[in-house]
Amino acid sequence: VGMIFQDPMSALNPTMRVGDQIAETLQVHRGLSKRQAFARAVEVLATTHIPEADARAKQYPFAFSGGMLQRAMIAMAIACEPDVLIADEPTTALDVTIQAQILDLLDELQRKNGMAIVLITHDLGVVARMADEVAVMYAGEIVESGSVDAVFYRSAHPYTVGLKAAMPSYATSNATGLQPIEGTPPDLFDPPAGCGYFARCPHAMRLCKPHTPHRFEVGPEHHAMCWLHHPDAPRGAAGLYRGEPL
């Protein structure tokens with residue numbers, strides 16, 4: 001398992017050359033000599049499309065731009081050829097152009113190395129572009145899961161519907177504006193007894209506050225934790241997929 005951390009500037013050691021930090025991973029986990037590990041570090045940096053990888057490997061993190069730091073973090077994460085790569089907000093501090101380049105790089109490395117990527121992000125555009133399967137989390141629980149098409153086009157949990165409504169799009173007009181999710185998330189040091197989304201849900205029922213919802217199957221490999229999918233639940237929650245035509 002490899003890991004790309006959210007902030008490469010704080011994840012990289014400012015007192016070590018970039019190549020040495022990548023090489024250290026190879027020395028510890030692959031048993032390579034210092035010289036072998038550094039040579040391999042240069043090769044891995046080159047696979048992330050950093051120009052003049054040999055020279056860059058001898059520089060310190062402060063000499064790198066934000067996009068190059070993220071590439072260096074990716075190089076460190078894939079150096080030992082992991083089966084699974086965990087990417088925690090890998091593009092959050094980057095501008096749109098560099099963000100697209102990093103996503104293209106991750107996609108290329110995934111196909112080349114045959115590894116799975118677990119992408120942790122709040123950016124729905126990144127999810128739509130990169131993911132095959134999606135798990136939507138709220139208050140520490142997976143409230144909806146399914147294929148990217150199912151979650152985006154047949155959203156089955158009020159939180160997912162709220163996230164999509166709050167996202168800017170070409171269809172957003174000046175008259176309607178964005179539709180924010182009112183309220184604040186619950187305190188996870190003192191979590192609510194029932195549904196964690198109860199206080200913010202526009203479709204909340206009395207049942208939701210004391211009782212944790214079951215995990216209902218709303219389609220093939222598509223599940224949601226919401227009492228609105230119970231057979232006895234009232235109909236009419238606008239925009240919420242129920243496994244039947246709306």
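Our subject is the structure listed above.
What you are looking at is a predicted structure, and each value in this text was computed from that prediction instead of being measured. (Residues numbered from 1 in each chain as written. Predicted model: local features only at pLDDT ≥ 70, side-chain atom pairs only at ≥ 80, totals over all residues. Heavy atoms only, no water.)

> How do you make sense of the packing of helix α2 (residues 18-30) against helix α3 (residues 34-47) when you look at a structure like this?
Helix-helix packing is described using two parameters, namely the angle between the two axes and the distance between the axes. It is at 8 Å that the axes of α2 and α3 come closest, and there the two elements cross at 115°. Considering the relative orientation of α2 and α3, their crossing is right-handed. Contacts between α2 and α3 involve Val-18, Gly-19, Asp-20, Ile-22, Ala-23, Leu-26 and Gln-27 from the first element and Lys-34, Ala-37, Phe-38, Arg-40, Ala-41 and Leu-45 from the second. Each residue belonging to the contact of α2 with α3 can be placed in one class, and the counts come to 8 nonpolar, 2 polar and 3 charged. (Axes fitted to C-alpha atoms, helices over the stretch in contact; angles between N-to-C directions. Helix = DSSP H or I, 4+ residues; strand = E, 2+ residues; numbered from the N terminus. Left-handed = near helix turned anticlockwise from the far one by under 90°. Contact = heavy atoms within 4.5 Å. Nonpolar A, V, L, I, M, F, W, Y, C, P; charged D, E, K, R; others polar.)

> It is not clear to me how the environment of Arg-17 should be interpreted in this structure. Could you clarify?
The residue Arg-17 is located in the loop between α1 (8-11) and α2 in this model. Along the backbone, Arg-17 and Arg-56 are 39 residues apart, and their C-alpha atoms lie at a distance of 8.9 Å. Apart from the residues within four sequence positions on either side, Arg-17 is in contact with Phe-38, Ala-57, Lys-58, Gln-59 and Tyr-60.

> Just checking my understanding: could you explain the sheet that holds strand β3 (residues 116-120) for this structure?
Whenever strands of a sheet pair, they do so through backbone hydrogen bonds, lying parallel or antiparallel. What the 3 strands build is an open sheet, ordered β1-β2-β3; its pairing is parallel. Strands at the two margins of the open sheet, each flanked by one partner only, are β1 (2-4) and β3. Pairwise comparison of adjacent strand axes, ignoring direction, gives a mean angle of 15° for this sheet. Packing against the sheet, helix α5 (residues 66-78) makes contact with β1 and β2 (84-88), and its axis sits at approximately 170° to β1. (Pairing = 2+ DSSP bridges.)

Keep in mind these numbers describe shape, not what the thing actually does.
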